[in-house]
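A structural walkthrough
Each chain is listed here by its residues.
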There are 2 protein chains.
Amino acid sequence: MIPRDHPRYRSLVIRERIADAALKGIVAMEGVGAHGRGEAFDYLIGEKTTESALLAEKTAAALFLSAKKPVISVNGNTAALAAQEIADLQEATGAAVEVNLFHRTEKRVEKITALLEEEGVEVLKGKFERLLPLSHDRALCLRDGIYTCDVILVPLEDGDRCSALSAMGKTVIAIDLNPLSRTAKSASLTIVDELTRALPNITGSCSHLKGEEIEKLIRDIDNKYFLRSAVKEIMGNLADAMD
Amino acid sequence: MIPRDHPRYRSLVIRERIADAALKGIVAMEGVGAHGRGEAFDYLIGEKTTESALLAEKTAAALFLSAKKPVISVNGNTAALAAQEIADLQEATGAAVEVNLFHRTEKRVEKITALLEEEGVEVLKGKFERLLPLSHDRALCLRDGIYTCDVILVPLEDGDRCSALSAMGKTVIAIDLNPLSRTAKSASLTIVDELTRALPNITGSCSHLKGEEIEKLIRDIDNKYFLRSAVKEIMGNLADAMD
């Protein structure tokens, strides 16, 4: 048991959730390592939502609200950490939720779908086809989901896939704690924040954003600004830690 | 298969080795996440041995050469990544090698011992007693090994244990890629470098360091300098990445 007053309680609880989900076959072994990388960046960011990340989350809400066909792509780590938050975001946006795995097995797709449905997520189903410009099973997606969406949220996504989605002309919203990653650089909008902090902020903004504000947020999107702000935040924290 | 010309080939091969070792029960699930955190810091350090890390490695060799009773503490991640390099360091220094696990089970101790022995390491054995100032099984060590050593190398060690060893008056050499960690701060000497790069450098220095040079290296130890240098390296890399 992790004591509640531990200064890094939240991070440690989330770490345990990932390890449990790996033992249950929901998270791939590679996902456990990827979570560790994210943890390190979150530690450097200060384990908090920065001002610029909050603006990115508000902007993500604007993109969802103006989308014709929004999709949320969910992998094992996302399902393990934030099934409830995905359900809330789906309710606020009406987005389709598609299970899309990098280390894909039918068994994992089933387990993740069941976990999401338990939390009230409506999971898109159908025949997976090789429609993405990627090799092997990484090309698999649903024609009526990711393939034809206009706006897609990819929490914790691999760089190749994020680039492929961007190349297909989609507006890609990434959640990635590493502001230097290929995912962060190739997305239309990158939220440099931890998943379970980021999702409720997007959901929250959906209920109070109005027409003009939505348009302005979308017009002003400058992904490089978000990435530079995150790097500056990390550098500031490193400089403070040296004192 | 990871293509040999991939810019991050080495890091990806090492990542696979950790995942394989986790499936075999050598590395704990927590070790997979910890490896991911290390990877993120190595990425920020530039996946290379910095000048200051090389000096720390040379200094570690000096500490080994002047020790009366040196010990190398080996956990699951260390055994999975560097059993051969541990064998070489043992040969160069005559240090005892003790298996010491944070997530301890008898089965894992046996598996790790077998893996080390396969690579030619002579593993210290005996009756594990609760001799360290730590709770539960984390206090376990060998009386003739860690308990009575004067110099101890702890690659990839937890902060509580590193502090406990320091509090016992031992000279603790840590290998840790996070220059801000409690381990890095509480060790007598911290090598901020990746394990499989660091160990051969220590071993290499053992064969050519001479009396006076050894004394000077030990006299000049300034762990804060090594930590600050690593932080500065990371900040420089971040600044470059923003351009």
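Structure shown above.
These figures come from a predicted structure and were not determined experimentally. (Residues numbered from 1 in each chain as written. Chains lettered and ligands numbered in written order. Predicted model: local features only at pLDDT ≥ 70, side-chain atom pairs only at ≥ 80, totals over all residues. Heavy atoms only, no water.)

For the match of chain A to chain B, the screw axis carries a shift of 0.0 Å, the RMSD comes to 0.0 Å, and the turn is 180°. These values place the two chain copies in the arrangement generated by a two-fold rotation axis. Taken as a fraction of all interface residues of chain A, those also at the interface in chain B reach 100%, which identifies the copy contact as same-surface. (Least-squares fit on C-alpha atoms with pLDDT ≥ 70 in both. Contact = heavy atoms within 4.5 Å.)

A word on the packing of helix α2 (residues 29-45) of chain A against helix α2 (residues 29-45) of chain B. It is at 7 Å that the axes of α2 of chain A and α2 of chain B come closest, and there the two elements cross at 50°. Relative to α2 of chain B, the element α2 of chain A is oriented oblique. In this structure, the crossing between α2 of chain A and α2 of chain B has a hand that is right-handed. Counted together, M29, V32, G33, G36, R37, E39, A40, F41, Y43 and L44 of chain A of α2 of chain A and M29, V32, G33, G36, R37, E39, A40, F41, Y43 and L44 of chain B of α2 of chain B form the full contact between these two elements. Classifying every residue of the contact of α2 of chain A with α2 of chain B by side-chain character gives twelve nonpolar, four polar and four charged. (Axes fitted to C-alpha atoms, helices over the stretch in contact; angles between N-to-C directions. Helix = DSSP H or I, 4+ residues; strand = E, 2+ residues; numbered from the N terminus. Parallel < 35°, antiparallel > 145°, perpendicular 65-115°, else oblique. Left-handed = near helix turned anticlockwise from the far one by under 90°. Nonpolar A, V, L, I, M, F, W, Y, C, P; charged D, E, K, R; others polar.)

Our next topic: empty space enclosed by the protein. As enumerated under the stated definition, the model contains five cavities of 30 Å³ or more in all. The calculated volume of the largest cavity comes to roughly 70 Å³. Forming the boundary of the largest cavity are M29, E30, G33, A34 and R37 of chain A together with R15, I18, A19, V32, H35 and E39 of chain B. Broken down by secondary-structure element, the contributors of at least two residues to the lining of the largest cavity are α2 of chain A together with α1 (9-23) and α2 of chain B. The leading source of residues in the lining of the largest cavity is α2 of chain A, at five residues. For the lining of the largest cavity, the residue count by class is five nonpolar, two polar and four charged. (1 Å grid on protein atoms, 1.4 Å probe; cavity = no way out; pocket = protein on both sides within 12 Å on 5 of 7 lines; lining within 4 Å. Points joined across faces, edges and corners; volume = space filled by probe spheres on them.)

Time to look at the pattern of salt bridges. Evaluated as defined, the whole model comprises 30 salt bridges over all chains. Note that D220 of chain A and K216 of chain A form a salt bridge whose closest N and O atoms lie 2.5 Å from each other. With relative accessibility at 45%, the residue K216 of chain A sits in the partly exposed group. Connected through salt bridges with shared partners, the residues R15 and E39 of chain A together with R37 of chain B form a single ionic network. (Salt bridge = Lys/Arg side-chain N within 4 Å of Asp/Glu carboxyl O. Buried < 20%, exposed > 50% of the residue type's maximum accessible area, 1.4 Å probe, protein only.)

Quick look at the pairing of strand β6 (residues 171-175) of chain A now. Summarising burial for β6 of chain A: four of the five residues are buried, a large majority. Running through helix α6 (residues 159-167) of chain A, the crossover from strand β5 (residues 151-155) of chain A to the neighbouring parallel element β6 of chain A is right-handed. (Right-handed = clockwise from strand over helix to strand, strands pointing away.)

Now for the sheet that holds strand β2 (residues 96-99) of chain A. One key point about sheets: their strands pair by backbone hydrogen bonds, in either a parallel or an antiparallel sense. All names here are of chain A. The strand order β2-β1-β5-β6-β7 describes an open sheet built from five strands, whose pairing is parallel. Each of the sheet's edge strands pairs with one partner strand only, and the pair in question is β2 and β7 (189-191). Shown here is a sheet whose adjacent strand axes are inclined to one another by a mean of 20°, direction ignored. Pairing geometry for β5 and β6, over five bridges, is parallel. Its bridge partner lying in β6, V154 is registered against A174. Strands β1 (70-74), β2 and β5 of the sheet are contacted by helix α4 (residues 76-93), whose axis makes an angle of about 170° with β1. (Pairing = 2+ DSSP bridges.)

This part is about the environment of A60 of chain B. Residue and element names in this part refer to chain B. With respect to the helices, strands and loops of the structure, A60 is situated in helix α3 (residues 51-66). Distance from A60 to L134, taken between C-alpha atoms, is 26 Å for residues 74 residues apart in sequence. Excluding anything up to four places from it in sequence, A60 contacts I173, L189, I191 and I202.

Turning next to the nonpolar core. Ranked by size, the top nonpolar core spans 102 residues in total, and within it L116 of chain A together with L116 of chain B carry the most contacts. Not counting residues within four places of it along the chain, the set of residues in contact with L116 of chain A comprises V74, A79, A83, V97, V99, V121 and V123 of chain A. (Core = buried A, V, L, I, M, F, W, Y, C linked by side-chain atoms within 4.5 Å.)

A few words now on the interface of chain A and chain B. Contact with chain A, which involves 26 residues of that partner, is made by 26 residues of chain B. Along the contact surface separating chain A from chain B lie two salt bridges. The salt bridge partner of E39 of chain A is R37 of chain B, with a shortest N-O separation of 3.5 Å. Linking chain A with chain B are five residue pairs in polar contact (both at pLDDT 80 or more). (Polar contact = N/O pair within 3.5 Å; in protein donor to acceptor, adjacent residues only side chain to side chain.)

Turning our attention to the sheet that holds strand β6 (residues 171-175) of chain B. All names here are of chain B. What the five strands build is an open sheet, ordered β2-β1-β5-β6-β7; its pairing is parallel. On the outer flanks of this sheet lie β2 (96-99) and β7 (189-191), each paired with one strand and no other. The mean inter-strand angle of the sheet, taken between neighbouring strand axes irrespective of direction, is 20°. Strands β1 (70-74), β5 (151-155), β6 and β7 of the sheet are contacted by α3, whose axis makes an angle of about 130° with β7. In the packing of helix α8 (residues 195-206) onto the sheet, the strands contacted are β5, β6 and β7, and the crossing angle to β6 comes to about 135°.

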